[in-house]
Amino acid sequence: MSETRLTAPEQLNNATGAQLYEEAKRAWRAGAATLLLDLAPTRDMDSLGGAWLLKIAGDMRRRDGEFKWEGHQEAIADFMTMLEPALQMKPKKPPKPPGLFDSFTDTLVNFVGEFGEFMGLCVDTLYWTAVAPFEGRGFRFNAFMEEAHEMGVRAVRIVCLMNFLLGLIIAMLSAAQVAAFGMQIYVADLIMIGFARELAAIMTAVVVSARTGAAIAAEIATMKVQEEVDALRGMGINVVQYLVTPKVAALIVVLPCLVTLGLVSGVAGGALWGVLVLGFRPAVWYQQTLGAAYMSDIMQGMLKTFFFAIAIALIGCHNGLRVRGGSRGVGLMTTRAVVMDIFMLICIDIVFAAIFYYWLE
Amino acid sequence: MDDIIIKVTDLVAHYGEFKVLDGVSFEVKRGEIFMIVGGSGCGKSTLLKHLCGLMRPTSGEILYNNTDVAVMDADELAEMQHGIGIAFQSSGLFNSMTVGENVAMPMREYGNVDKVLVDDLVRFKLSLVGLAAAQHLMPGELSGGMRKRAGLARAIALDPELVYFDEPSAGLDPIMAAGLDDMILKLKRMLSTTFVIVTHELDSIRMAADRVLMLDKGEVLFCGTVEETKTSSIERVRQFFERRPDEFITQGNLS
């Protein structure tokens, strides 16, 4: 076994530390299995010098070599005591990202686990919203009203504006397509049917998920991070009853109302284009629109919104409650909630489209 | 080099209409552990925020190495702040980075540290606060005391000549708190750093403080060594250091 003895400089700083590192390098190139550092001459050491010392020890241990030191004096004894654990251990590599197979199984396990949690939340919410109030276990009516105001009344302007603009866009688009056939009056039908069946519900739900879904996730995630959720639990208050139920109930009530307003503003947007640009008399456009308005279409569009409301509220709460870590976790979970919201909206919509346009035709 | 590192003269500060600091003056000597104490809400943390330039005073002077922090522009202030270290009450670690990355951040951002040496310097600093094994953990995985020490490691990342530490031992058990005080004493000796510490732990003061500044209702009540507190002529100072309650609380408890 070969041992190489190095003598430390009197002042261990950046320059002398680098020198010492070069000497050490030469030593292990020459095949030294053990480095013995004689610290007897050293009187003083600064941070960069200490860092070089750690670098020598670390590189030595990475080569499965030994690093020892001896003879340190009073002046740097404190340093050596504090550095001892770091000098003794092999520097750890940052943990590696998992491989392909591991990450696949991890994903699967995580997905199943998360799905279970989500189902649990659904069942709890169902109980605390639809059953518990009738058993006399309470419903936070004031919170429900506050949420309904925040989610509904304060969203009216943006929902109406977005639907109005979408109505305009659809009118422009379709009028240009059918102009060659002289069938521009049917744009009124298209807009009425389109908004009643799909567009009002989807557009409104997207606006609401970006607005309310994100807010729910961020609020609950922040509460969780700051241990407010634990505080609730510690008081013996059910988190689902206290936080989730008022939000779900409020959104179920409020979203259909918003969609109704969205429907009216979308049709109004189309009418604006039809009357001002396509040049129809208002009464003609009005009659044509009414002729295309079927209750069944409107009801079909409305039915979806209840499912949208439940999805947006529950996904927001679910992601909020799953948060880990601090501020970054809150951001991640909020993003995730909105992405999942919009994905779920489309999924629900596809199911409804399949039922109403395929099986029930 | 000048012996005085900080000299505060007639510092007045407001939160809106409310006057928090009312004519505070004191000096901090180079290389000492200077503790700022006082009851809750007396303006300790506010004073600290003014010292490190996070807040601007209404009037008064804060001389740091003979330049006034109160009138610096943004660039000068940043320059000054690069030369000091601040450890916050709730540690202020970035949650999205590992402990090691947190400590490396000042080195990489403005430290001019040789890139090959950053990792070892990080391990050196973490060793000084006894966290060598925690380099790759996330702040969320640390206990309260470890987080405080990690915050301290980040504060001393670039060997600042001055470190501000807000409530080092708040929320720690006595052993951990004593360990932290011991660590501060060692760091002061090893790196010859000046520490300005806000605290209300009497034990820390007795163990580590060179000099103490006591604030009360935004005014300086006392400034001197720990020994001098025992013989102070001011009743309130002796009351604080002998840990006696106010009269009305005692009576309130009896009735």
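Residues numbered from 1 in each chain as written. Chains lettered and ligands numbered in written order. Predicted model: local features only at pLDDT ≥ 70, side-chain atom pairs only at ≥ 80, totals over all residues. Heavy atoms only, no water.

For the rest of this paragraph, the subject is the domain arrangement of chain B. Residue and element names in this part refer to chain B. As far as domains go, chain B holds domain 1 (1-83 + 161-176 + 194-255) and domain 2 (93-159). With 10 residues of domain 1 in contact, the opposing surface of domain 2 contributes nine residues. Roughly 730 Å² is buried in total at the junction of domain 1 and domain 2, and carbon and sulfur atoms are behind 71% of that figure. If you look at where domain 1 meets domain 2, you find zero salt bridges. Tallied by class, residues from the side of domain 1 that touches domain 2 come to seven nonpolar, one polar and two charged. (Domains from an automatic or database assignment. Contact = heavy atoms within 4.5 Å. Buried area = accessible area lost by both parts, 1.4 Å probe. Salt bridge = Lys/Arg side-chain N within 4 Å of Asp/Glu carboxyl O. Nonpolar A, V, L, I, M, F, W, Y, C, P; charged D, E, K, R; others polar.)

Going through the model one piece at a time under the given rule, you end up with 31 salt bridges over all chains. Measuring nitrogen to oxygen at the nearest pair gives 3.6 Å for the salt bridge that ties Arg322(A) to Glu114(A). Linking Arg322(A) in the loop between helix 11 (295-321) and helix 12 (327-359) with Glu114(A) in helix 4 (residues 100-131), this pair joins segments that are 208 residues apart in sequence. Looking at Glu114(A), the relative accessible area reads 12%, which means it is buried. Linking Arg123(B) and Asp120(B) is a salt bridge whose minimum nitrogen-to-oxygen distance equals 2.9 Å. Of this pair, Arg123(B) and Asp120(B) both sit in helix 4 (residues 115-128), three residues apart, which is roughly one turn of that helix. The class for Arg123(B) is buried, based on a relative accessible area of 3%. Taken together, the shared-partner salt bridges connect Glu114(A), Glu117(A), Arg322(A) and Arg336(A) into one network. (Helix = DSSP H or I, 4+ residues; strand = E, 2+ residues; numbered from the N terminus. Buried < 20%, exposed > 50% of the residue type's maximum accessible area, 1.4 Å probe, protein only.)

Here we come to helix 5 (residues 141-151) of chain A. Residue and element names in this part refer to chain A. Residues of helix 5 that are buried: Ala 143, Phe 144, Glu 147, Ala 148 and Met 151. Axial view of helix 5: buried residues confined to an arc of 135 degrees, hence all on one face. Relative to its buried face, helix 5 has exposed residues pointing more than 90 degrees away, namely Asn 142 and Glu 146. The secondary structure elements touched by the buried residues of helix 5 are helix 7 (186-225) and helix 9 (239-276). (Arc of directions from axis to C-beta.)

Another point: the pairing of strand 8 (residues 194-198) of chain B. Residues and elements named next belong to chain B. Across the five residues that make up strand 8, a large majority, five, are buried. Side chains of strand 8 alternate between two faces, with Thr 194, Val 196 and Val 198 and Phe 195 and Ile 197 buried alike. Sheet analysis places strand 3 (residues 33-38) next to strand 8, joined by four bridges and oriented parallel. Counterpart to Ile 33 in the pairing with strand 8 is Phe 195. In terms of strand pairing, strand 7 (residues 162-166) meets strand 8 through five bridges, oriented parallel. Considered in strand 8, the bridge of Leu 162 is made with Thr 194. For the crossover from strand 7 across helix 6 (residues 174-191) to strand 8, the handedness is right-handed. (Pairing = 2+ DSSP bridges. Right-handed = clockwise from strand over helix to strand, strands pointing away.)

The next subject is the domain arrangement of chain A. Here chain A is partitioned into domain 1 (3-88) and domain 2 (140-359). Here the C-alpha centroids of domain 1 of chain A and domain 2 of chain A sit 66 Å apart.

If you want to describe how two helices pack, look at the angle between their axes and the distance between the axes. Residue and element names in this part refer to chain A. Helix 11 packs onto helix 9 with a crossing angle of 145 degrees between their chain directions and a minimal axis gap of 8 Å. Here helix 9 runs over helix 11; the crossing is right-handed. In this structure, helix 9 contributes Val 239, Val 244, Lys 247, Val 248, Leu 251, Ile 252, Leu 255, Pro 256, Val 259, Thr 260 and Leu 263 to the contact, and helix 11 contributes Ile 298, Met 302, Thr 305, Phe 306, Phe 308, Ala 309, Ile 310, Ile 312, Ala 313, Leu 314, Cys 317 and Leu 321. Broken down by class, the residue content of the contact of helix 9 with helix 11 amounts to 20 nonpolar, two polar and one charged. (Axes fitted to C-alpha atoms, helices over the stretch in contact; angles between N-to-C directions. Left-handed = near helix turned anticlockwise from the far one by under 90°.)

This part takes up the packing of aromatic side chains. In this structure the tally under the stated criterion is 14 aromatic pairs over all chains. Here the aromatic rings of Tyr21(A) and Trp28(A) are separated by 6.2 Å at their centres, their planes lie at 75 degrees, and the arrangement is edge-to-face. Note on accessibility: Tyr21(A) and Trp28(A) belong to one class, buried. Where Phe352(A) meets Phe356(A), the ring centres are 6.1 Å apart and the plane angle is 15 degrees; that geometry is what we call stacked. One end of the pair is Phe352(A) and the other is Phe356(A), both in helix 12 and four residues apart, which spans about a single turn. Taking relative accessible area as the criterion, Phe352(A) reaches 8% and is therefore assigned buried. According to the relative accessible area criterion, Phe356(A) is partly exposed, its value standing at 21%. Through successive ring pairs, a cluster of aromatic residues spans Tyr21(A), Trp28(A) and Trp52(A). Across the ring face of Tyr242(A), the terminal group of Arg140(A) is positioned such that the distance to the ring centre comes to 3.7 Å. Lying across the ring of Phe94(B), Arg154(B) places its NZ or CZ 4.8 Å from the centre. (Phe/Tyr/Trp six-rings, centres within 6.5 Å; stacked < 30°, edge-to-face > 60°. Lys NZ or Arg CZ within 6 Å of the ring centre and 35° of its normal.)

Those residues of helix 3 (residues 99-110) of chain B lying buried are Val99(B), Gly100(B), Asn102(B), Val103(B), Ala104(B), Pro106(B) and Met107(B). Downstream of helix 3 of chain B by a residue or two, Asn112(B) has a phi angle that is positive, lying close to 55 degrees.

In regular strands, side chains alternate between the two faces of the sheet. All names here are of chain B. Of all five residues in strand 7, five are buried; the element is thus mostly enclosed. The alternating pattern of strand 7 places Leu 162, Tyr 164 and Asp 166 on one face and Val 163 and Phe 165 on the opposite face, and all of these are buried. Of the pairings in the sheet, the one linking strand 6 (residues 84-87) to strand 7 comprises four bridges and is parallel in character. Opposite Ile 86, over in strand 7, you have Tyr 164 as the bridge partner.

It is worth spelling out the interface of chain B and chain A at this point. Each side of the interface is counted separately: chain B has 20 residues, and chain A has 25 residues. Summing both sides of the interface, chain B and chain A together bury roughly 2100 Å²; the carbon and sulfur share of this comes to 67%. On the surface where chain B and chain A come into contact, there are one salt bridge. Its salt-bridge partner being Lys55(A), residue Asp120(B) comes within 3.6 Å of it at the nearest N-O pair. On the surface where chain B and chain A come into contact, there are five residue pairs in polar contact (both at pLDDT 80 or more). The set of elements that each furnish at least two residues to the side of chain B that touches chain A consists of helix 4 and helix 6 of chain B. (Polar contact = N/O pair within 3.5 Å; in protein donor to acceptor, adjacent residues only side chain to side chain.)

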